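The lines below spell out each chain.
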Amino acid sequence: MKNILGLLFLLFILNGCDDGDLTVENIDFATVTTNTCGETLYKLNGNEALFVKIPSSLNAFPNEIRSADSPLVIPIGGDVSVTYRAYDGTVGAANICSTPSPITPIATEEWTASAGTIEISTIAVYTTNETTGATAIARFVHNIIFKNIVFSKPNGTQIYETYVFGEYSTTPTVLPFDFSPDDLKLCSNNVLYNARINGIEGISVENFDANLLSTADLGVTKTGLISSSTNKLSYRLFTTAITSASNDDYFCAGIFPDFPSVNEIWVAQDGVADVSGMIEVTTTTNGTGFLHTIVLKAVTFQKGNNTFYYGNAILLGNLLTTN
């Protein structure tokens, strides 16, 4: 009798706790790789799928470092959706990306997020050139977390205060940095630049300190600091090539023209004496003229929150002058 009463009491407790709005079911995709098709990110785990749709117009995954303390926050709802599905067999990419989707396997259960937010933070993963010390951004890793997400289920709701969706990687724009030392030129307005004719990139030094080209001390290395006012160093990646016969039309115009349009601009951080952000010039004779060998030392470029180290000592170019 005591056993029967105990069993009845347990059933009463269980029924009392299940009010239709809370279950003990959980979904876990933390260790599953993120894939994508169009605007949809998805994860597949056997006969389960979890997918997130964010319109591209929201620019949810820009190649820009964003701290976890200040993530991009996107409310769930409208065109932003989070969905979980269980199937009666192993699910594949075609079940998410194909229209119409395959007949099998059949979805047996679906949860749809009705509230909550998506938080996205981003880090950059770098590669390092062991010879020059230069770094390059290999990829951006976006960490996606759901906050206070409410799933509507066939038998009630499921609530997660914090649910880790996981990581999603994007590839940065390639910066060629393919310059010839002999293409270095100096404009009459003291803009020093290097760019190939019909090329898609250029590196320039605005308000270049002409004292660095002094011929008074041949063979002696002269050093100037990069700053926003003097020796301002910038790198430009164009959307289309400079097609004029001379790059002077662009770099020596006084104000940089609107065409060709610029895809990315990276500006060197201000230098610190004897530490970083330096321009070194060594001048020697060259026939009746002079050869100025110009080197960039310990330069770090920045665009927004993103940075990369250009290298310990990178040859900007060789400049010929007659005086």
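Quick look at the structure, then.

Calculation notes
Sequence positions are assigned chain by chain, starting from 1 and proceeding in written order. In view of the model being predicted, local features appear only for residues whose pLDDT reaches at least 70, and side-chain atom pairs are presented and counted only at 80 or more, with totals across whole chains, interfaces and linings using the full set of residues. Just so you know, side-chain values use all the structure's heavy atoms and leave hydrogens and water out. Note on conventions: DSSP H or I runs of at least 4 residues are helices, E runs of at least 2 residues are strands, and numbering of each starts at the N terminus. All radius of gyration figures rest on C-alpha atoms, and the globule criterion is 2.2 Å times the number of residues raised to 0.38. Remark: exposure states derive from per-residue accessible area (1.4 Å probe, protein chains only) relative to the maximum for the residue type, with buried under 20%, exposed over 50%, and partly exposed in between. What is meant by a nonpolar core is a set of buried Ala, Val, Leu, Ile, Met, Phe, Trp, Tyr and Cys residues, joined one to another through side-chain atoms within 4.5 Å. Here, two residues are considered to be in contact whenever any of their heavy atoms come within 4.5 Å of each other. Note that a disulfide, as used here, is simply two cysteine sulfur atoms within 2.5 Å.

Observations regarding the overall build of the chain
Along its length, the chain carries three helices and 17 strands. Whereas a compact globule of 323 residues would reach a radius of gyration of roughly 20 Å, the chain reaches 30 Å, over 25% beyond that. For the chain, the C-alpha atoms occupy an extent of roughly 115 × 45 × 30 Å along the three principal directions. Across the 323 residues of the chain, 40% fall into the buried class.

Some words on the nonpolar core
Within the largest apolar cluster, 30 residues are counted, with the highest numbers of intra-cluster contacts made by Phe177, Ile203, Leu233, Ile279, Ile294, Phe301 and Tyr310. It is strand 17 (residues 306-321) that provides the largest number of residues to this core, a total of five residues. Once residues within four sequence positions are removed from consideration, Phe177 is found in contact with Glu201, Ile203, Tyr235, Phe301, Phe308 and Tyr310.

Quick word on the environment of Leu212
Position of Leu212 relative to the elements: it lies in the loop between strand 11 (201-206) and strand 12 (221-225). A relative accessible area of 4% places Leu212 in the buried class. Ignoring sequence-local partners within four residues, the contact set of Leu212 consists of Lys222, Thr223, Gly224, Asn231, Ile279, Val281 and Thr283.

Notes on the state of the cysteines
Covalent bonding between the sulfur atoms of two cysteines defines a disulfide. Taken as a whole, this structure holds two disulfides when the rule is applied. Here Cys37 engages in a disulfide with Cys97; their sulfurs sit 2.3 Å apart. The S-S bond linking Cys37 to Cys97 shows a torsion near -95°; that makes this disulfide left-handed. Linking Cys37 in strand 1 (residues 35-37) with Cys97 in helix 2 (residues 94-97), this pair joins segments that are 60 residues apart in sequence. With a relative accessible area of 33%, Cys97 lands in the partly exposed category. At a sulfur-sulfur separation of 1.8 Å, the disulfide partner of Cys187 is Cys252. Around the S-S axis, the bridge from Cys187 to Cys252 shows a dihedral of about -70° and counts as left-handed.

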